[in-house]
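Each chain is listed here by its residues.
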Amino acid sequence: MIFETHAHYDDEAFDEDRDILLSSMRENGIEYIVNVGANLESTAAGLELAAKYPFVYAAAGVHPSETGTLDETGFARLKKLCALEKVVAVGEIGLDYYWDEPAHDVQKIWFARQLDLARELKKPVIIHSRDAAKDTFDIMTENKAGEIGGVVHCYSYSAEMALDFVKMGFYIGIGGVVTFKNGKKMKEVVEALPIERILLETDCPYLAPEPNRGKRNSSLNLPYIAQKIAEIKGLSYEEVIEITTKNAERMYQL
Ligand SMILES: [Zn+2]
């Protein structure tokens, strides 16, 4: 059974068929789903899904691109949400320098604050990092993120850097990009990583793997990602599913 470590089923892309889709997951081999928060509203929506479906868990956090509106009141609310039982991680949190806003300093402050929160609650973190490799690594090092643990999701940097995150004690989230024809860099990352440090994720509704690239993504596409990882690592499909599911259970403490 497959562990979907990163999904956004609260997204409006699923408004038409959310319940039909989620109800079909178990019969299609998806054992667990972690619905990841991007702000307070989506975290609350994720928690509603977690309340409705026993196999859905939630991560609570504010995405770096959403930190511009965060304040102490919002942070206090986030803290309460993070402490709930079905919340298995703080995330997604991190740095995104692809867009100019919010200012890098604002993103850095809330990244560090949310790392602290995870430490306090003894829950792992889900890191989102785009075009910000060095600052992400530095903030994680300064805040001793290795003691907290978690995953660098939708990983997009070099193989060398991936091993640095692993050395820090982190897992690496691999999604649809590994199946893309121009996904050479991701193949190198998967080659370099020990399979015991890889988590399967879709980041749906985004980043559907081949052969469904460009369409709305869902956890039902995870087998394509697992199959590609199996090819790259010279393992069987079943081995990849079994090991990555164990990895996710260990990380999310399930
Ligand atoms: Zn995400």
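Calculation notes
- Residues numbered from 1 in each chain as written.
- Predicted model: local features only at pLDDT ≥ 70, side-chain atom pairs only at ≥ 80, totals over all residues.
- Heavy atoms only, no water.
- Axes fitted to C-alpha atoms, helices over the stretch in contact; angles between N-to-C directions.
- Helix = DSSP H or I, 4+ residues; strand = E, 2+ residues; numbered from the N terminus.
- Left-handed = near helix turned anticlockwise from the far one by under 90°.
- Contact = heavy atoms within 4.5 Å.
- Nonpolar A, V, L, I, M, F, W, Y, C, P; charged D, E, K, R; others polar.
- Pairing = 2+ DSSP bridges.
- Phe/Tyr/Trp six-rings, centres within 6.5 Å; stacked < 30°, edge-to-face > 60°.
- Buried < 20%, exposed > 50% of the residue type's maximum accessible area, 1.4 Å probe, protein only.
- 1 Å grid on protein atoms, 1.4 Å probe; cavity = no way out; pocket = protein on both sides within 12 Å on 5 of 7 lines; lining within 4 Å.
- Points joined across faces, edges and corners; volume = space filled by probe spheres on them.
- Expected span 1.5 Å × (residues − 1).
- Polar contact = N/O pair within 3.5 Å; in protein donor to acceptor, adjacent residues only side chain to side chain.
- Donors = N, O, S within 2.8 Å, 3.2 Å for Na, K, Ca; no water.
- Tetrahedral: all angles 85-135°; square planar, octahedral: opposite > 155°, others 65-115°.

### Things to note about the packing of helix H7 (residues 184-192) against helix H8 (residues 222-233)
Here comes step 1: Interhelical geometry of H7 versus H8 gives an angle of 65° and a closest axis separation of 9 Å. The hand of the H7/H8 crossing is right-handed. Residues Lys-187, Val-190 and Glu-191 of H7 touch H8, and the partners they reach there are Lys-228, Ile-229, Ile-232 and Lys-233.
Here comes step 2: Looking at the contact of H7 with H8 residue by residue, the class counts come to three nonpolar, no polar and four charged.

### Some words on the sheet that holds strand S8 (residues 198-200)
Here comes step 1: One open sheet accounts for eight strands, arranged S1-S2-S3-S4-S5-S6-S7-S8; its pairing is parallel. Bordering the open sheet on either side are strand S1 (2-7) and S8, each of which pairs with just one other strand. When the angles between neighbouring strand axes are averaged without regard to direction, this sheet yields 30°.
Here comes step 2: When strand S7 (residues 170-174) meets S8, the two strands line up parallel, connected through three bridges. Directly across from Gly-173, in S8, lies its bridge partner Leu-199.
Here comes step 3: Most of the contacts of H8 go to S8, to which it runs at about 150°, and overall it touches S1, strand S2 (30-36), S7 and S8.
Here comes step 4: Where helix H9 (residues 237-251) meets the sheet, its contacts fall on S1, S2, strand S6 (150-152), S7 and S8, and the angle it forms with S8 comes to roughly 100°.

### A closer look at the environment of Pro-194
Here comes step 1: On the secondary structure map, Pro-194 appears in the loop between H7 and S8.
Here comes step 2: Sequence separation between Pro-194 and Leu-163 is 31 residues; the distance between their C-alpha atoms is 9.1 Å.

### Regarding the packing of aromatic side chains
Here comes step 1: Going through the model one piece at a time under the given rule, you end up with 10 aromatic pairs.
Here comes step 2: Where Phe-3 meets Tyr-32, the ring centres are 4.9 Å apart and the plane angle is 40°; that geometry is what we call tilted. Of this pair, Phe-3 sits in strand S1 while Tyr-32 sits in strand S2; the two residues are 29 residues apart in sequence, bridging distant segments of the chain.
Here comes step 3: The class of Phe-3 is buried, set by a relative accessible area of 2%.

### Concerning the layout of surface pockets
Here comes step 1: Of the pockets and cavities examined, the largest pocket occupies roughly 700 Å³.
Here comes step 2: Considering the residues around the largest pocket, the lining is formed by 25 residues, among which His-128, Arg-130, Cys-154, Asp-203 and Leu-207 are closest to the centre.
Here comes step 3: Among the elements of the structure, strand S4 (87-96), strand S5 (125-130) and H7 are those that each provide at least two residues to the lining of the largest pocket.
Here comes step 4: Ranked by residues supplied to the lining of the largest pocket, first place goes to S5 with three residues.

### Description of helix H2 (residues 40-52)
Here comes step 1: Helix length check: H2, at 13 residues, gives a terminal C-alpha distance of 19 Å against a target of 18 Å (1.5 Å per residue), a fit within 8%.
Here comes step 2: Looking at the packing, one finds that the buried side of H2 touches helix H1 (18-23), S2, strand S3 (56-60), helix H3 (72-82) and S4.
Here comes step 3: By the N-cap criterion, in which a side-chain oxygen at the helix start approaches the backbone nitrogen of a residue two or three places on, H2 is capped by Asn-39, the distance to Glu-41 being 3.0 Å.

### Looking at the coordination of the zinc ion
Here comes step 1: Bound to the zinc ion on the protein side are His-6 (NE2), His-8 (NE2), Glu-92 (OE) and Asp-203 (OD), at distances that span 2.1 to 2.3 Å.
Here comes step 2: Given four donor atoms and angles of 86 to 172° at the metal, the environment of the zinc ion is assigned as irregular.
Here comes step 3: Each donor residue of the zinc ion belongs to the same chain, and together they define the spacing H-x1-H-x83-E-x110-D. Of this pair, His-6 sits in strand S1 while Asp-203 sits in the loop between S8 and H8; the two residues are 197 residues apart in sequence, bridging distant segments of the chain.
Here comes step 4: For His-6, a relative accessible area of 1% translates into the label buried.

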